[in-house]
Amino acid sequence: MDLDLDPGLSDEMRAIRDTCRRFATEVMRPAGIALDRMSAEAVIARGSPLWGVLDGFKALGFAGGASVDDPSLSPEQKALLHCIVLEELSAGDVGLFITCGLLNIAPEIARASGRTDLAEFFGARDELCCLALTEPGHGSDIVAFTEPAYRNPRIKPALKCRRDGANYVLNGQKAAWVSGGTLAGSGIVFASFENSPVGLADGAVFLMPFDLPGVSKGKPLEKIGQRALNQGEIFFDNVEVPAQFLLGEGPELYPLIWEMNLKGANIAMGQQFVGVARAAYDLALDYARQWVQGGCPIIEHQNVKTRIFGMFQKLEVARSHVRRVAIADATLPGGVPFQYAASAKVFATQTAFEVAHDAIQVLGGNGLTHEYLAEKLFRDARSSLIEDGENSMLGLMAASRL
Ligand SMILES: Cc1cc2nc3c(=O)[nH]c(=O)nc-3n(C[C@H](O)[C@H](O)[C@H](O)COP(=O)(O)OP(=O)(O)OC[C@H]3O[C@@H](n4cnc5c(N)ncnc54)[C@H](O)[C@@H]3O)c2cc1C
């Protein structure tokens with residue numbers, strides 16, 4: 001049974017939740033299953049179900065965070081509704097939701113950075129905006145802003161930035177892991193200065209369009225889970241970036257902007273993977289009530305019953321933790337410190353992974369087949385343990401802030 005345990009849930013918020021649940025079940029889930037079986041090239045090709053989902057998401061008015069921009073709601077209600085929307089849509093298909101979440105977010109990022117000029121510039125475009133940080137040879141090096149490698153001048157960036165008068169020149173590339181990288185028309189690009197004595201920590205952050213001369217894209221990456229989510233390299237060949245697209249630079253501001261971005265991304269990952277854990281729990285409960293072995297529905301066997309209770313408990317704890325962190329981040333001045341966001345991400349993704357694993361056990365052999373969703377949820381959750389910071393790395397980073 002689905003109880004509304006959260007205080008302050010209005011009828012309007014329930015209605016938005018129900019709309020999300022319908023869209024997740026009727027549109028995202030079947031499209032996500034179809035996309036999961038396609039090649040990475042086919043996922044983004046013309047005619048793929050991906051485009052219908054993005055159109056539907058836009059038609060619902062959710063693109064760019066619009067669903068929670070209701071002035072009648074208190075800041076706490078807005079933050080709670082945001083958690084609910086992300087959980088519902090990610091329960092439909094998390095890889096698809098992450099793609100939808102990139103749609104038309106550049107104006108929102110510009111506004112949050114106090115840049116109305118860029119909000120206007122990107123508001124006139126209709127496109128995905130990616131976050132381009134990691135590089136070939138630099139994953140944790142460039143994510144882990146608390147670790148010594150981040151400030152080791154012997155570690156050189158794969159995307160090199162240099163000042164050129166008032167403007168900047170970029171040369172090199174970002175990793176094949178950039179979510180939406182092949183599709184994005186713009187991105188937040190983190191680029192370290194070449195030969196800085198401070199190492200990767202000294203750089204410039206741009207919110208920039210990708211139709212500047214010299215930007216090109218690689219092939220989409222094949223991966224184990226979240227296959228609806230495109231990943232792809234971005235190449236920069238002597239790209240002249242006008243200073244207008246700079247969000248901040250230098251060894252003080254550059255790591256701080258990254259920390260703020262990672263904090264937001266980690267909280268969002270927590271919210272999304274509560275959705276994946278719920279999908280796995282719902283699936284297992286439903287199956288256990290119907291599947292008969294030993295002369296009765298398997299839910300009547302004690303081992304299945306206690307496993308299902310364990311899944312329920314993990315889901316509830318993850319949801320409570322993530323909501324508490326997300327609501328505090330949205331309502332406290334300055335938000336929560338980084339370690340809370342990391343904890344929400346690590347806990348929720350680990351929970352989704354464990355609950356999806358349990359779901360496979362409850363389904364027995366059926367859980368291993370494409371006929372049922374359990375194995376896909378397991379693969380989707382498995383990918384999340386590395387996405388937006390490998391979990392043990394995030395633990396190290398968070399621990400240094402305790
Ligand atoms: C689904 C998905 C989506 C992603 N989306 C994006 C995106 O949108 N944009 C983007 O820029 N990147 C993205 N990434 C990249 C992601 O951030 C990196 O994969 C992640 O940070 C880990 O880096 P890596 O894969 O290079 O692993 P590595 O850094 O090579 O780590 C390998 C192992 O070594 C350990 N390790 C590495 N360094 C240290 C250290 N200093 N101390 C202790 N242990 C260490 C790690 O814990 C890990 O177990 C995405 C990744 C995935 C899987």
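All of these numbers come straight from a predicted model, not from anything done at the bench.

### A word on the packing of aromatic side chains
Thought 1: Under the defined criterion, the tally for this structure stands at 14 aromatic pairs.
Thought 2: Note on Tyr281 and Phe312: the rings are 6.1 Å apart at their centroids and 45° apart in plane angle, and the pair reads as tilted. Separated by 31 residues along the polypeptide, Tyr281 in helix 9 (residues 253–290) and Phe312 in helix 10 (residues 302–331) bring together distant segments of the chain.
Thought 3: Phe312 sits in the partly exposed class, given a relative accessible area of 35%.

### What about the site of the ligand?
Thought 1: Close to the ligand lie 19 residues; Leu131, Thr134, Ser140, Ser179 and Glu390 are nearest.
Thought 2: A total of 970 Å² of accessible area belongs to the ligand in isolation, and the protein chains cover 67% of it.
Thought 3: Breaking the shell around the ligand down by element, the ones donating at least two residues are helix 8 (140–143) and helix 13 (391–399).
Thought 4: Per element, the largest residue contribution to the shell around the ligand is three residues, and it comes from helix 13.

### Quick notes on the domain arrangement of the protein
Thought 1: For the protein, the domain assignment lists domain 1 (11–102), domain 2 (128–251) and domain 3 (257–399).
Thought 2: A separation of 30 Å is found between the C-alpha centroids of domain 2 and domain 3.
Thought 3: Listed per partner, the contact involves 20 residues of domain 2 and 16 residues of domain 3.
Thought 4: Of all residues in domain 2, Phe145, Ile224 and Gln226 bury the most surface against domain 3, accounting for 38% of the area lost on that side.

### Examining unusual backbone geometry
Thought 1: Phi is positive for Asn104, close to 50°, though the residue is something other than glycine.
Thought 2: Among the secondary structure elements, Asn104 is positioned in the loop between helix 5 (94–101) and helix 6 (106–112).

### Digging into the pattern of salt bridges
Thought 1: This model, assessed by the stated rule, comprises 30 salt bridges.
Thought 2: One salt bridge connects Lys263 with Asp329, and the closest N-O pair in it is separated by 3.0 Å. Linking Lys263 in helix 9 with Asp329 in helix 10, this pair joins segments that are 66 residues apart in sequence.
Thought 3: The exposure class assigned to Lys263 is buried, which follows from its relative accessible area of 6%.
Thought 4: In this structure, Glu354 and Lys314 form a salt bridge, with 3.1 Å as the shortest nitrogen-oxygen distance. Of this pair, Glu354 sits in helix 11 (residues 338–363) while Lys314 is found in helix 10, placing the two residues 40 residues apart along the sequence.
Thought 5: The structure contains a network of salt bridges with shared partners spanning Asp6, Arg21, Glu87, Glu88, Arg278, Asp282, Glu316, Arg319 and Arg323.

### Here's the deal with the nonpolar core
Thought 1: Leu170, Phe206, Met208 and Phe236 are the most contacted members of the largest nonpolar core, which has 85 residues in total.
Thought 2: Per-element tally for this core: the top contributor is helix 1 (residues 11–36), with seven residues.
Thought 3: Aside from chain neighbours lying at most four places away, what touches Phe206 is Cys161, Tyr168, Leu170, Gly187, Ile188, Val189, Ala191, Val241, Phe245, Leu246 and Leu247.
Thought 4: If you look at the next biggest cluster of nonpolar residues, it comprises 46 residues, including Tyr287, Phe353, Ala381 and Leu385.

### A few points about the side chain of Arg278
Thought 1: The topology assignment puts Arg278 in helix 9.
Thought 2: When neighbours within four sequence positions are excluded, Arg278 is seen to be in contact with Arg21, Glu87, Glu88, Ala91, Leu315 and Arg319.

### Concerning the state of the cysteines
Thought 1: Per the counting criterion, the structure on display carries zero disulfides.
Thought 2: A disulfide-free cysteine, Cys100 has its sulfur positioned 11 Å from the sulfur of Cys20, the nearest such atom.

Rules and cut-offs
Residues numbered from 1 in each chain as written. Predicted model: local features only at pLDDT ≥ 70, side-chain atom pairs only at ≥ 80, totals over all residues. Heavy atoms only, no water. Phe/Tyr/Trp six-rings, centres within 6.5 Å; stacked < 30°, edge-to-face > 60°. Helix = DSSP H or I, 4+ residues; strand = E, 2+ residues; numbered from the N terminus. Buried < 20%, exposed > 50% of the residue type's maximum accessible area, 1.4 Å probe, protein only. Near = heavy atom within 4 Å. Areas by Shrake-Rupley, 256 points an atom, 1.4 Å probe, with all protein chains shown as cover. Domains from an automatic or database assignment. Contact = heavy atoms within 4.5 Å. Buried area = accessible area lost by both parts, 1.4 Å probe. Salt bridge = Lys/Arg side-chain N within 4 Å of Asp/Glu carboxyl O. Core = buried A, V, L, I, M, F, W, Y, C linked by side-chain atoms within 4.5 Å. Disulfide = S-S within 2.5 Å.

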